[in-house]
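# Observations on the three-dimensional arrangement
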Amino acid sequence: MSNAGLRTWMPEDVKKQKYVTSEMLNLYSNWGYQPISIPTLLDSKLFKKANFTSKWVEESKTFLVVDKDGSLLALRPDLTIPIAQAISSRYDKLSEPLRLYYSSSVFRHSGKSTDNSRKLLQTGVELIGAKASDNFSDFEILYLFKESAEQFKLQESYISITDSGIWRKAIELYPELGQEAYNLLAKGDLIAFKELVPEKHALRKLLLRDADNLKTLAEIEKALKLDLGYLKEILSTDSLKENLIFDPSLCPNLDYYTGIYFNLLIDGIGDMVAIGGRYDSLYQAFGKDFPAVGFAYYMPSFLKALQEQKLLSAAESKIGNLKAKSNWEETLKAAQENIKKGKSIAIK
Amino acid sequence: MSERKTRIAIPKGGLLEGSLDSLAKLGLEIPDLKSKENERKLIVPVNDEYELLIVRGHDVPIYVEHGAADLGIAGVDVILESNADIVQLKDLEFGACKLCVCGKKGEFKSISELPSHTRVATTFPHLSKEFFQKHGISHEIIHLYGSVELGPLTELSDVIVDLVATGETLKKNNLEVIDTIMNCTARLFANKVSYRLRNPLIDKLINS
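Residues numbered from 1 in each chain as written. Chains lettered and ligands numbered in written order. Predicted model: local features only at pLDDT ≥ 70, side-chain atom pairs only at ≥ 80, totals over all residues. Heavy atoms only, no water.

## Some details on the overall build of chain B
Secondary structure assignment for chain B yields eight helices and 11 strands. If you line up chain B on its principal axes, its C-alpha atoms span 60 × 35 × 25 Å. Counting the 208 residues in chain B, one finds 52% classified as buried. Of the roughly 10,100 Å² of accessible surface on chain B, 49% is carried by carbon and sulfur atoms. Positive and negative side-chain charges in chain B, numbering 25 and 30 respectively, have mean positions lying 1 Å apart. (Helix = DSSP H or I, 4+ residues; strand = E, 2+ residues; numbered from the N terminus. Buried < 20%, exposed > 50% of the residue type's maximum accessible area, 1.4 Å probe, protein only. Areas by Shrake-Rupley, 256 points an atom, 1.4 Å probe, with all protein chains shown as cover. Lys, Arg positive; Asp, Glu negative; His and termini not counted. Charge placed at Lys NZ, Arg CZ, Asp CG, Glu CD.)

This is how it looks when you write it as structure tokens:
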């Protein structure tokens with residue numbers, strides 16, 4: 001019997017998941033990132049404290065458990081926030097940036113209207129204590145975000161990218177119209193957005209979709225009197241620019257994101273596969289002034305994409321049959337000889 | 001972008017003809033669905049770029065939200081009821097109707113006269129709940145899958161929430177409109193990823 005949204009992963013699927021996760025974690029490890037593990041049960045007040053209003057972490061979407069003393073615990077609905085709390089309570093100052101990686105499940109009541117997934121494996125990184133301008137930190141994160149997928153030779157994958165400062169400036173210039181326009185685009189209502197924002201208004205530029213990213217960027221800078229110089233650098237950098245789509249119509253959560261914001265799109269996979277960005281004000285909720293940037297891959301969607309493109313053959317291992325000998329010692333010897341040669345065996 | 005065709009989910013039933021006409025107006029050469037070749041087909045090729053997916057109206061947003069279809073056509077009532085995370089692209093201005101609260105003729109003049117705990121039969125449970133909550137009316141939703149007009153007639157419910165086009169069905173069953181929740185027309189909408197990755201095709205379609 002299985003409950004809706006709580007899937008049992010059978011051996012073939014687990015092997016694929018472990019293979020992909022381990023390749024990703026190797027990549028992060030090679031770049032100086034270290035593992036962190038967050039408790040499954042957390043104080044439910046943690047998420048209120050962070051004053052974080054993302055739809056994923058709303059209390060109504062969080063599983064709550066009553067502790068022995070009557071207080072409420074939450075099954076972790078997110079990893080970045082508990083990591084922020086843990087790092088804030090351990091460090092007063094960071095003499096150099098912290099690089100962390102994780103691969104853990106989060107638990108949420110269904111986030112999507114038509115989907116039941118309640119347990120979601122996330123693999124990702126956090127770079128804490130480095131501003132956007134420090135040692136190319138945004139470049140590093142974006143490179144790792146891209147490489148996480150490209151190392152598997154994934155096709156038809158694109159990264160849509162924007163800067164949350166674009167919407168912030170739009171709302172500053174046109175407080176009421178800007179906020180309403182943001183709300184409409186965030187919920188995907190392009191029809192109401194076009195009815196609200198006159199055709200020649202500067203905010204209409206946010207719908208620009210041009211194959212030339214730099215041309216779109218120049219138009220946005222002009223319309224909103226903004227300097228997006230570092231985003232221009234990202235969009236023109238050889239190691240990053242391929243398959244990047246500058247999309248000013250993306251609506252990052254402005255309570256959370258403070259700089260670049262990006263997500264991975266794969267043609268044929270209806271969901272966003274991975275998401276990331278800069279959230280420099282998150283640590284202030286825990287009394288620290290640590291800038292931070294990071295990303296998370298949603299592993300079920302990522303695995304689905306890799307599987308559909310038949311890129312998981314490396315995860316398939318063959319198990320050979322070993323006929324049992326007349327006694328255990330001989331059987332063990334034969335088994336060990338096979339294992340030494342790198343073969344997996346099962347005694348039959 | 002891949003060579004996979006852009007898949008458009010369109011609803012069976014009342015909105016089918018209008019959907020095909022709208023797609024034709026947007027520049028697509030629509031095949032004859034009644035031809036021997038296409039009859040009973042659920043996936044109908046249009047040309048090298050597009051194919052049609054013929055599904056039940058309420059299922060269109062589900063196909064699109066999950067990415068099983070890139071684009072879809074459905075009434076705004078069905079889109080909002082599904083709460084699907086999609087991008088609404090264009091009002092196709094056909095299939096005009098209203099989502100209304102209706103009751104037995106002469107029984108309630110306005111929603112302020114409804115019983116203290118109103119039983120509501122409907123195929124639109126989410127939109128109904130939202131409306132009654134907004135107006136502070138204590139209520140109970142009875143989720144039906146069709147012929148909701150029978151609700152008040154069989155005392156299953158006090159009122160119904162249903163789509164009203166000409167009002168003929170209401171009249172025949174001695175029912176009338178008490179209040180209008182929203183005006184509805186059919187809309188073209190897209191999967192959030194397809195909207196971003198198939199933009200030249202989508203832009204061509206919505207700007208033609």
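Next, the rest of the story.
## Details of the sheet that holds strand 5 (residues 98-107) of chain A
Residue and element names in this part refer to chain A. Pairing in this open sheet of eight strands is mixed, and the strands run 1-5-6-11-10-9-7-8 from one edge to the other. A single partner strand is all that each edge strand has here, and the edge strands are strand 1 (34-35) and strand 8 (244-246). Relative to strand 5, strand 1 runs parallel, the two sharing two bridges. Pairing of Gln34 across the sheet is with Leu100, part of strand 5. Sitting on the sheet, helix 9 (residues 229-236) touches strand 7 (157-163), strand 8 and strand 9 (260-266), and the angle it makes with strand 7 is about 165°. (Pairing = 2+ DSSP bridges. Contact = heavy atoms within 4.5 Å. Axes fitted to C-alpha atoms, helices over the stretch in contact; angles between N-to-C directions.)

## Focus on the packing of aromatic side chains
Aromatic ring pairs are defined here through the distance separating the ring centres and the angle between the ring planes. The final tally for this structure, using the stated rule, is 18 aromatic pairs over all chains. Ring geometry for Tyr28 of chain A and Phe295 of chain A: centres 5.9 Å apart, planes at 70°, overall edge-to-face. Of this pair, Tyr28 of chain A sits in helix 1 (residues 11-30) while Phe295 of chain A sits in strand 11 (residues 292-298), and the two are 267 residues apart along the sequence. Residue Tyr28 of chain A shares its accessibility class with Phe295 of chain A, and that shared class is buried. Joined through ring pairs, the aromatic side chains of Tyr19, Tyr28, Tyr101, Phe145, Phe152, Phe262, Phe295, Tyr297 and Phe302 of chain A make up one cluster. Here the basic side chain of Arg209 of chain A rests over the ring of Tyr195 of chain B, its NZ or CZ set 4.0 Å away from the ring centre. (Phe/Tyr/Trp six-rings, centres within 6.5 Å; stacked < 30°, edge-to-face > 60°. Lys NZ or Arg CZ within 6 Å of the ring centre and 35° of its normal.)

## A short note on the sheet that holds strand 7 (residues 118-122) of chain B
Residues and elements named next belong to chain B. Ordered by their spatial adjacency, five strands build an open sheet running 8-7-9-6-10, and the pairing between neighbours is mixed. The outermost strands of the open sheet, each flanked by one partner alone, are strand 8 (139-143) and strand 10 (175-184). The sheet shows a mean angle of 30° between the axes of neighbouring strands, taken without regard to direction. Here strand 7 pairs with strand 8 via five bridges, running parallel. Note that in strand 8 the partner of Thr118 across the bridge is His139.

## Notes on the packing of helix 5 (residues 164-173) of chain A against helix 6 (residues 175-186) of chain A
Residues and elements named next belong to chain A. Where helix 5 contacts helix 6, the two axes come as close as 5 Å, and the packing angle between them is 140°. One element, helix 5, and the other, helix 6, form an angle in the oblique class. Together, Trp167, Ala170, Ile171, Glu172 and Leu173 of helix 5 and Pro175, Gly178, Gln179, Ala181, Tyr182 and Leu185 of helix 6 make up the contact between the two elements. Counted by class, the contact of helix 5 with helix 6 contains eight nonpolar, two polar and one charged residues. (Parallel < 35°, antiparallel > 145°, perpendicular 65-115°, else oblique. Nonpolar A, V, L, I, M, F, W, Y, C, P; charged D, E, K, R; others polar.)

## A look at the interface of chain B and chain A
On the side of chain A, 28 residues touch chain B, which itself brings 29 residues to the contact. Taking both sides of the interface into account, the surface hidden between chain B and chain A amounts to around 2,300 Å²; carbon and sulfur atoms contribute 49%. Three residues, Val193, Arg196 and Leu197 of chain B, lead the burial of chain B against chain A; their summed loss comes to 29% of the area buried on that side. A salt bridge links Asp247 of chain A to Arg196 of chain B; the nearest nitrogen and oxygen atoms lie 2.4 Å apart. Those elements giving two or more residues to the side of chain B that touches chain A turn out to be helix 2 (60-66), strand 5 (86-91), strand 11 (186-191), helix 7 (192-197) and helix 8 (199-207) of chain B. For the side of chain B that touches chain A, the element with the most residues is strand 5 of chain B, which contributes six residues. Here the side of chain B that touches chain A is composed, by residue class, of 11 nonpolar, eight polar and 10 charged. (Buried area = accessible area lost by both parts, 1.4 Å probe. Salt bridge = Lys/Arg side-chain N within 4 Å of Asp/Glu carboxyl O.)

## Description of the nonpolar core
In terms of nonpolar packing, the biggest core is built from 92 residues, with Tyr28, Trp167, Tyr297 and Phe302 of chain A together with Leu89 of chain B touching the most fellow members. Ranked by the residues each element gives to this core, the list is headed by helix 4 (residues 137-150) of chain A, at six residues. Leu98, Leu120, Phe286 and Tyr298 of chain A belong to the second-largest nonpolar core, a separate cluster that totals 30 residues. (Core = buried A, V, L, I, M, F, W, Y, C linked by side-chain atoms within 4.5 Å.)

## Topic: the pattern of salt bridges
Residue and element names in this part refer to chain A. With the rule as written, the count across this model stands at 23 salt bridges over all chains. Residues Arg7 and Asp13 are paired through a salt bridge, measuring 3.1 Å at the closest nitrogen-oxygen approach. The salt bridge involving Asp280 is made with Arg278; its shortest N-O contact spans 2.7 Å. The exposure class of Asp280 is partly exposed, given its relative accessible area of 23%. With a relative accessible area of 2%, Arg278 lands in the buried category.

Without other data, these values stay purely geometric and don't point to any function.
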